[in-house]
Amino acid sequence: MLTVKGLNQYYGESHILWDVDLDVAAGSCTCLMGRNGVGKTTLLKAIMGLVRIRSGHIEYAGQALAKAPAHYRARVGIGYVPQGREIFPQLTVEENLLIGLDITGAKQIPERIFELFPILKTMRRRRGGDLSGGQQQQLAIGRALALQPKLLILDEPTEGIQPSIVQEIGQVIRRLNQDDGLTVLLVEQKLPFARKVAEHFSIMERGRLVATGAMPELDDDLVRQYLAV
Amino acid sequence: MTPTMLRFAGLLGMVFLLVFPLLYTGSNYSFIMHLWITAFFYAILASSWALLAGYAGQFSFCHMAFMAIGGYTTGLFNNYLYFSNTPTTTCTEFAIGDRWLVVLDPIGVAASPRTCLDAAHSAWAEAGIAGEVLIGQPSLWFGIGLGVIMGGVFGLLIGALVLRLRTVYLALFTVGFSEILRAVISAEIAVTRGQAGLELSPLFPDGITLFGTYFAATHKLPPYYLMLGLFLLCLAIMGLLVRSRFGLFIRALREDEDAAQALAVNTVRYKILVFVITSMMAAAAGAVQAHYVGIITPNILIILQMSLVIAMAVIGGLESIVAAAIGAIVIQFALELLRTSFDIGPWTIDMSVWRLVFFGLLLMLTLRFFRNGLIFSLILKVERDAVAKETVSKRQAAAEPKEID
């Protein structure tokens, strides 16, 4: 579904991503892993078109996207939940959810979103900024789902969130992937969470992709070499 | 107070504005009407600036420049363009069908300038054909329309140029543009008459009959309704826009441009659009005001004028076009009515100077204690109370045990 080939990205003169190749199969759930600062978020942003790339190909559902603007990538079916949630704090929960509806032509917020996150229905008219961290994360995921994406990209969805909500978010991601057939690519630092939710892993080290495989293949050696701090 | 009562108060206010000129009979009728017309002018500027800065987060300092573009476009149109059925041979002219579009040479600042058209008149008189020559000016409404279009064109240009600029860089860029425009108008004395100002014909040069009564060109009632109509039209357009997807998208891009893009919002398009729309409104206000006042000078572009519009919007409430408009009207009246000096013992307080001090203090206090502005804070409180009530009642309803049949 998503193929990244030979991706190079720079911030100024700093070379951040080095010839990155990544394959995300349709219907799969892939976890992008690696220590802090290895380029995971930059790779997701590059896929989403939020940072410029110097060279390489990004192909999604047979369409070359490397030069397409971010809003076009969202339009063709890529949903993105940024790190740190980045909800619109002054907008109400409902308004946050309504933004993505434009491209689907729907007038109402899909009931599925409230089914997955009932709290969003209760808080519908409250401002996004008034929500707790966990609720904001649910809103950020709900907001991306309003686009009715085929591929959902999540950047550390459990960062700084209370354990009960982490579990809930894990269940939602599994349901979206298994029940709704949504392809998922997520960045996650929590190993147990990643093992529970994802079926594939890709590990990054210093801007390069160094290991990929099915989740059971993520053994202690790989963890020690690339993930342990 | 409930949101419904607020809406009712708004409706009452609108009715008041519509009937005021018909019911008011004070001896200072012309003065009060002038205050209202100027207040509507500032209300259009403050509310459209609130849409640009408050909703879309584009803190532009060249809103008055767009206003001036509207005013000067119609001013130049009004001073330079004529139609004639006979070629002048002295002016620049273009044949359009059996008529000639005559463009005057620069008119300069002489008290009674002798234009190329005057020279043509002399020549026609000498040739004995003066009686056959028909000279006319295109309707000033075309000039006003052209002013609005020019405002939009410059809005598009500036909007495209500042796409990548945020906060202080955007502010400095737009101050720069405004100052360049002021310098050009001031320097091109031959064309714009510089500081001497460009004179314009009144809005209704031959007077107008309204409600079965004839009003002379200098009467304040027709321009009152024209400016009020323009104000309400701008408010209606902005009201529709902010309630639509457009409003949602520009608020989203104000808060987080990347996140908005990731939700399929074409931020480039909406940023430029908001510049074009608000510039056209400012230009429309400027064009009508220029004809109403009868003269336009580059002094309307000084930074103090722009600060006044910003202060009006800030004191009213930046995130509400209605609050910004009310802020502008209140401030405009307060500034004029506070002009009366008074004595405290042996000291005379010269209010023509001190009123600006009070105004500055009010601005500082608003910024410190009411970040949402004085008017919008009130509106917001009423709306938030209603939402809080609704949430509490929902929670209580959910907590109450349900009866089992």
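Look above for the structure.
A quick note: this is a predicted structure, and the numbers were derived from the prediction, not measured. (Residues numbered from 1 in each chain as written. Chains lettered and ligands numbered in written order. Predicted model: local features only at pLDDT ≥ 70, side-chain atom pairs only at ≥ 80, totals over all residues. Heavy atoms only, no water.)

K.L.:
Tell me what's going on with the overall build of chain A, and back it up with residues and numbers.
P.N.:
Within chain A, the regular secondary structure consists of ten helices and ten strands. Scaling as 2.2 N^0.38, a compact globule of 229 residues should have a C-alpha radius of gyration of about 17 Å, and chain A matches this with 17 Å. Seen through its principal axes, chain A has C-alpha atoms that stretch 45 × 35 × 30 Å. Going through the 229 residues of chain A one by one, you find that 53% of them count as buried. For chain A, contacts bridging at least 24 residues in sequence account for 67% of all contacts bridging at least 6. Of the roughly 9,900 Å² of accessible surface on chain A, a fraction of 47% belongs to carbon and sulfur atoms. Averaging the coordinates of the 27 positive side-chain charges in chain A and doing the same for the 25 negative ones gives two points 5 Å apart. (Helix = DSSP H or I, 4+ residues; strand = E, 2+ residues; numbered from the N terminus. Rg over C-alpha atoms; globule rule 2.2 N^0.38 Å. Buried < 20%, exposed > 50% of the residue type's maximum accessible area, 1.4 Å probe, protein only. Contact = heavy atoms within 4.5 Å. Areas by Shrake-Rupley, 256 points an atom, 1.4 Å probe, with all protein chains shown as cover. Lys, Arg positive; Asp, Glu negative; His and termini not counted. Charge placed at Lys NZ, Arg CZ, Asp CG, Glu CD.)

K.L.:
Explain the sheet that holds strand β5 (residues 63-64) of chain A to me, and be specific about the residues and the numbers.
P.N.:
Residue and element names in this part refer to chain A. Ordered by their spatial adjacency, four strands build an open sheet running β2-β1-β4-β5, and the pairing between neighbours is antiparallel. Every interior strand has two partners, whereas the edge strands, β2 (14-24) and β5, have only one. Here strand β1 (residues 2-11) runs beside β2; their pairing, made up of seven bridges, is antiparallel. The residue of β2 that forms the bridge with L7 is V20. Of the strands in this sheet, β1, β2 and β4 (55-60) touch helix α1 (residues 40-48), which is tilted by about 70° from β2. (Pairing = 2+ DSSP bridges. Axes fitted to C-alpha atoms, helices over the stretch in contact; angles between N-to-C directions.)

K.L.:
Before we move on, can you summarise the environment of A:L22 with the specific residues and values?
P.N.:
All names here are of chain A. Locating L22 in the fold gives a position in strand β2. A residue is classified by how much of its surface remains accessible, and L22, at 3% relative accessible area, is buried. Separated by 140 residues in the primary sequence, L22 and Q162 have C-alpha atoms spaced 31 Å apart. Setting aside residues up to four positions removed in sequence, L22 forms contacts with L2, T3, V4, L43, I47, L185, S202 and L209.

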